[in-house]
Amino acid sequence: MILVTGATGNIGRALLGELHEAGAAPVRGLTRDAGRASFAGGFEAVEGDLARADSLKAALEGARSLFLLSGWGAEAEVLAAARQAGVEHVVLVSSITVHTHPHMPAAGENLAVERLLQDSGMAWTILRPTQFASNTLWWARSIRDEGVVRAPYADVGLPTIHPADIAAVARAALTEPGHQGQTYALTGPERITVRQQVAAIAAASGREVACIEISREEAHRQMASFMDDETADAVLDLMGGDVNEELLKVRDTVPRVTGAAARPFRQWASEHGAAFRWATSVAERTIT
């Protein structure tokens, strides 16, 4: 039995699809609302909350492998519950910043979770992805409403990764031998700038989209409405304010582990072009 947490998210849903195509069974997908979830292959939807380890008892029953997302705050309790339930192998999604920016608070938190897992007595595989292609969904409203992206560091190129490639590596780690005890840094196949991402989204959505570079200070003010100052500073550093060679490095981990080329950003954009198209009515603009 494989338990996939975050099953309705960008990585989890893709992982369920990968496991279905690989013929893996049985598989469960963890979600906060099992009544509203349906998964590839008819995989079982189970209810639970990663922030509350006591809610995972039913989901963990019989599970021998666990796909776990870091960052929910109750990882110590979740790992203890997993071990008690008989889980033998955990594939953990951490962050490449553990290696590239260890001074950042979030990187320290991810490293602490990695060490908890390594000391848990269960077998482990750690995935450290770089910036997600899906982060560009932050721009969806301004693209739909104004046809504009305003962003700092518009010409800094980072090896953005398609979430489905994280899922593909996770599938290999969960179903194939040779991945236990491994830590994998994951990137996309090439560096791509904000300006190039905007151009790819414009092509995929069939509309003109302008890219306007703004200052770090203006970007910070925009972020203040949905994240604290420390988080905003960390995000801006990773967007271009504090890049280094390790963050910029394109790695071959995805093709080496999966046997398939890593997906370029333009593929992600083509798959999600509808998210950036015009709102069709005032009502739609209100609810999106």
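For the structure, see preceding data.
Trainee: I'm lost on the overall build of the protein chain in this one. Help?
Mentor: The number of helices and strands found in the protein chain is 14 helices and 11 strands. For the protein chain, the spread of C-alpha atoms along the three principal axes comes to 50 × 40 × 35 Å. Every one of the 288 residues in the protein chain was classed for burial, and the buried ones make up 51%. Contacts spanning at least 24 positions in sequence make up 73% of the contacts within the protein chain whose residues lie at least 6 apart.

Trainee: Sorry if this is basic, but what is going on with the packing of aromatic side chains here?
Mentor: Remark: the centre distance and the inter-plane angle together describe each pair of aromatic rings, the angle taken between the planes. Summed over all chains, the structure comprises two aromatic pairs. When the centroid spacing of 6.2 Å and the interplanar angle of 70 degrees are considered together, the rings of Trp 268 and Phe 276 count as edge-to-face. Each member of the pair, Trp 268 as well as Phe 276, is classed as buried. Among the aromatic residues, those joined into a cluster by ring pairs are Phe 265, Trp 268 and Phe 276.

Trainee: Help me understand the side chain of Arg 171, please; the structure alone is not making it clear to me.
Mentor: Along the polypeptide, Arg 171 turns up in helix α7 (residues 163-175). Overall, Arg 171 belongs to the buried group, its relative accessible area being 12%. Once residues within four sequence positions are removed from consideration, Arg 171 is found in contact with Leu 15, Glu 18, Leu 19, Ala 22 and Glu 176.

Trainee: Teacher, can you tell me more about the layout of surface pockets here?
Mentor: The rolling of a water-molecule-sized probe over the atoms marks out the regions of remaining empty space. In this structure, the second largest pocket encloses a volume near 160 Å³. Taken together, Gly 9, Asn 10, Arg 13, Ala 14, Ser 134, His 162, Pro 163, Ala 164, Trp 268, Glu 271 and His 272 make up the full set of residues lining the second largest pocket. Secondary structure elements with two or more residues in the lining of the second largest pocket: α1 (10-21), α7 and α13 (265-271). Considering each element in turn, the lining of the second largest pocket owes the most residues, three residues, to α1.

Trainee: Help me understand the pattern of salt bridges in this model?
Mentor: Oppositely charged side chains can form a pair if their charged atoms are brought close together. All chains considered together, the criterion is met by 16 salt bridges. Measuring nitrogen to oxygen at the nearest pair gives 3.9 Å for the salt bridge that ties Asp 49 to Arg 32. Separated by 17 residues along the polypeptide, Asp 49 in the loop between β3 (44-47) and α2 (57-60) and Arg 32 in the loop between β2 (27-31) and β3 bring together distant segments of the chain. Residue Asp 49 is classed as buried on the basis of its relative accessible area of 18%. Taking the relative accessible area as the measure of exposure, Arg 32 reaches 53% and is therefore exposed. Arg 171 is the salt-bridge partner of Glu 176, the closest N and O atoms lying 2.8 Å from each other. Connected through shared salt-bridge partners, Glu 18, Arg 171 and Glu 176 make up one network.

Trainee: I would appreciate a short explanation of a negative patch on the surface in the present structure.
Mentor: A cluster of like negative charges, contributed by Glu 109, Asp 228, Asp 229 and Glu 230, occupies part of the molecular surface. Its place among the elements puts Asp 229 in helix α10 (residues 229-241).

Trainee: Please clarify how the packing of α1 against α7 should be interpreted in this entry.
Mentor: Contact geometry of α1 with α7 gives a least axis separation of 8 Å together with a crossing angle of 50 degrees. By the angle between their axes, α1 is oblique relative to α7. Seen along the crossing, α1 lies across α7 with a hand that is right-handed. Listed contacts from α7 to Asn 10, Ile 11, Ala 14, Leu 15, Glu 18 and Leu 19 of α1 are Pro 163, Ala 164, Ile 166, Ala 167, Ala 168, Ala 170, Arg 171, Leu 174 and Thr 175.

About the thresholds
- Residues numbered from 1 in each chain as written.
- Predicted model: local features only at pLDDT ≥ 70, side-chain atom pairs only at ≥ 80, totals over all residues.
- Heavy atoms only, no water.
- Helix = DSSP H or I, 4+ residues; strand = E, 2+ residues; numbered from the N terminus.
- Buried < 20%, exposed > 50% of the residue type's maximum accessible area, 1.4 Å probe, protein only.
- Contact = heavy atoms within 4.5 Å.
- Phe/Tyr/Trp six-rings, centres within 6.5 Å; stacked < 30°, edge-to-face > 60°.
- 1 Å grid on protein atoms, 1.4 Å probe; cavity = no way out; pocket = protein on both sides within 12 Å on 5 of 7 lines; lining within 4 Å.
- Points joined across faces, edges and corners; volume = space filled by probe spheres on them.
- Salt bridge = Lys/Arg side-chain N within 4 Å of Asp/Glu carboxyl O.
- Patch = residues over 30% accessible without salt bridge, like charges linked within 9 Å, V, L, I, M, F, W, Y side chains within 5 Å.
- Areas by Shrake-Rupley, 256 points an atom, 1.4 Å probe, with all protein chains shown as cover.
- Lys, Arg positive; Asp, Glu negative; His and termini not counted.
- Charge placed at Lys NZ, Arg CZ, Asp CG, Glu CD.
- Axes fitted to C-alpha atoms, helices over the stretch in contact; angles between N-to-C directions.
- Parallel < 35°, antiparallel > 145°, perpendicular 65-115°, else oblique.
- Left-handed = near helix turned anticlockwise from the far one by under 90°.

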